[in-house]
Amino acid sequence: MRSHLLNDTTAEQYRRSVTEGVERVAAKLAATERPFTGVTVDALAPAIDAIDLDRPLLDTSAVLDELEEVYLRDAVYFHHPRYLAHLNCPVVIPAVLGEAVLTAVNSSLDTWDQSAGGTLIERKLIDWTTARIGLGEHADGVFTSGGTQSNLQALLLAREETKPGQDGWEGPASLADMRVFASEAAHFSVKKSAKLLGLGPDSVVSVPVGADKRMQTVALARELERCRRDGLVPMAVVATAGTTDFGSIDPLPEIAELCAQFGTWMHVDAAYGCGLLASLKHRDRIDGIERADSVTVDYHKSFFQPVSSSAVLVRDASTLRHATYHAEYLNPRRMVQERIPNQVDKSLQTTRRFDALKLWMTLRTMGADGIGELFDEVCDLAREGWKLLATDPRFDVVVEPALSTLVFRCVPAAVTDPAQIDRANLHARKALFASGDAVVAGTKVGDRHYLKFTLLNPETTTDDIAAVLDLIAGHAEQYLGESLDRAS
């Protein structure tokens, strides 16, 4: 079995195997006519269950044939212009090339003696990103697995930096007395992080949003005042620059002022909106982000990178010490004095892929302006999509897009029962997915069911949006017609 190890004697076998795999994927991408086949769990599961993993096929071509049947044929293809569902982007070719390189070399970014140049490339990209944000000369950060991990680490640092009894606060140091403030549209990982950090069940204070789905700073100020009055500790405010449901951007300058006034850590979850850091047209939409204490960015959302590619950035590099532990076999303390750059000193992870290489390859091939141009295109497309929805009597659209998300629902003229409209929209989404003609997401606004377009593909056109809207309306009307027939 040593013939399957990648080394100097198997280099040619590696080349042939990878080439065959790439050719099959390329052929699949070129021939894909729909984002999804509509396969069901019940149809696909038996084929996978029937595979005996203890009886290998012993041939790469045979394995690829099998993979076609159990994965490639029925995969959800994000590159298709009618994939309009979640925060999944088509990926740029330089990043895919970087993925191939980093996987083969298999560097681990925890210590210098496992990565060498990889460590310096990651650090250079962190410096590039913090400069784009404007965090200052003492900023730092580290790549992570995604926004959830970035938010967790940011709130860990906020917790450790919170000093009850200072800055006018007299509250006790108990974790149960710490509070995190986030809008009601913030990512669920804020509450998950609070639980993992040992905070109390009431530790996350949900701040109302306005009609624009942005945090209401008047309400935030009121909650911070209440926290002070009750003798509790305001650990952090999480501002969102691109909510998952609406793409809305909280008023960052005003939130920064309140954080300064109340001595509270300001974290900006820009997992989605970080694409504006490269924008040629809309960068001002995240003005105020430079005042944050920490920032989450997901390059695998709006920088068109393959999963995973994310980072957490901090204004003060010294705060990363709260994630530092030393092990004699890995990163002994003496290495700090020897100025050996071990990234594990900053990270919640130990073994960590060289995901930074994908962004490096992208910037060195396309440049930041190239990324920004792509993100600007999808933001502009969302604006055109909003105009279509706002003028179409078949639909109700919730809010004008700040980024590239549209939340709406079909409202057939003949139906007045909100629950019946809910059922029609749920059916339309399910029927559309089953057909494979398009993929859209769903969410709730209040108690009502809505549909969602998350536009991250510059190849998507207004014609695609119009066609999918027609499909949705058709499925909803068919459901309502069948419901009336059953009722009669």
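Structure's up top.
First things first, this report covers the structure right here in the doc. Computed from a predicted structure; not experimentally measured. (Residues numbered from 1 in each chain as written. Predicted model: local features only at pLDDT ≥ 70, side-chain atom pairs only at ≥ 80, totals over all residues. Heavy atoms only, no water.)

What follows concerns the nonpolar core. In terms of nonpolar packing, the biggest core is built from 62 residues, with Leu 220, Val 268 and Phe 375 touching the most fellow members. The dominant element in this core, judged by the number of residues it contributes, is helix 9 (residues 252-262), at six residues. Dropping the residues within four chain positions of it, Phe 375 is found in contact with Tyr 272, Gly 275, Leu 276, Ser 302, Phe 304, Leu 403 and Leu 456. Counting 27 residues, the second largest nonpolar core, distinct from the first, contains Leu 84, Phe 395, Val 415 and Val 468. (Core = buried A, V, L, I, M, F, W, Y, C linked by side-chain atoms within 4.5 Å. Buried < 20%, exposed > 50% of the residue type's maximum accessible area, 1.4 Å probe, protein only. Helix = DSSP H or I, 4+ residues; strand = E, 2+ residues; numbered from the N terminus. Contact = heavy atoms within 4.5 Å.)

Further remarks concern the sheet that holds strand 3 (residues 178-183). Ordered in space as 2-8-7-6-5-3-4, the seven strands form an open sheet in which the pairing is mixed. Strand pairing shows two members of the sheet lacking a second neighbour, strand 2 (140-144) and strand 4 (204-207), which therefore form its edges. For this sheet the average axis-to-axis angle between neighbouring strands, irrespective of direction, equals 20°. Examined bridge by bridge, strand 2 and strand 8 (residues 310-314) share five bridges and lie antiparallel to one another. Within the sheet, the bridge partner assigned to Phe 143 lies in strand 8 and is Ala 311. (Pairing = 2+ DSSP bridges. Axes fitted to C-alpha atoms, helices over the stretch in contact; angles between N-to-C directions.)

Here we come to the packing of aromatic side chains. One pass over the full model with this rule turns up seven aromatic pairs. When the ring of Phe 408 is compared with that of Phe 453, the centres are 4.7 Å apart and the planes differ by 65°; the resulting orientation is edge-to-face. Placement of the pair is Phe 408 in strand 10 (residues 405-410) and Phe 453 in strand 12 (residues 448-454), with a sequence separation of 45 residues. The buried category is assigned to Phe 453, whose relative accessible area is 0%. (Phe/Tyr/Trp six-rings, centres within 6.5 Å; stacked < 30°, edge-to-face > 60°.)

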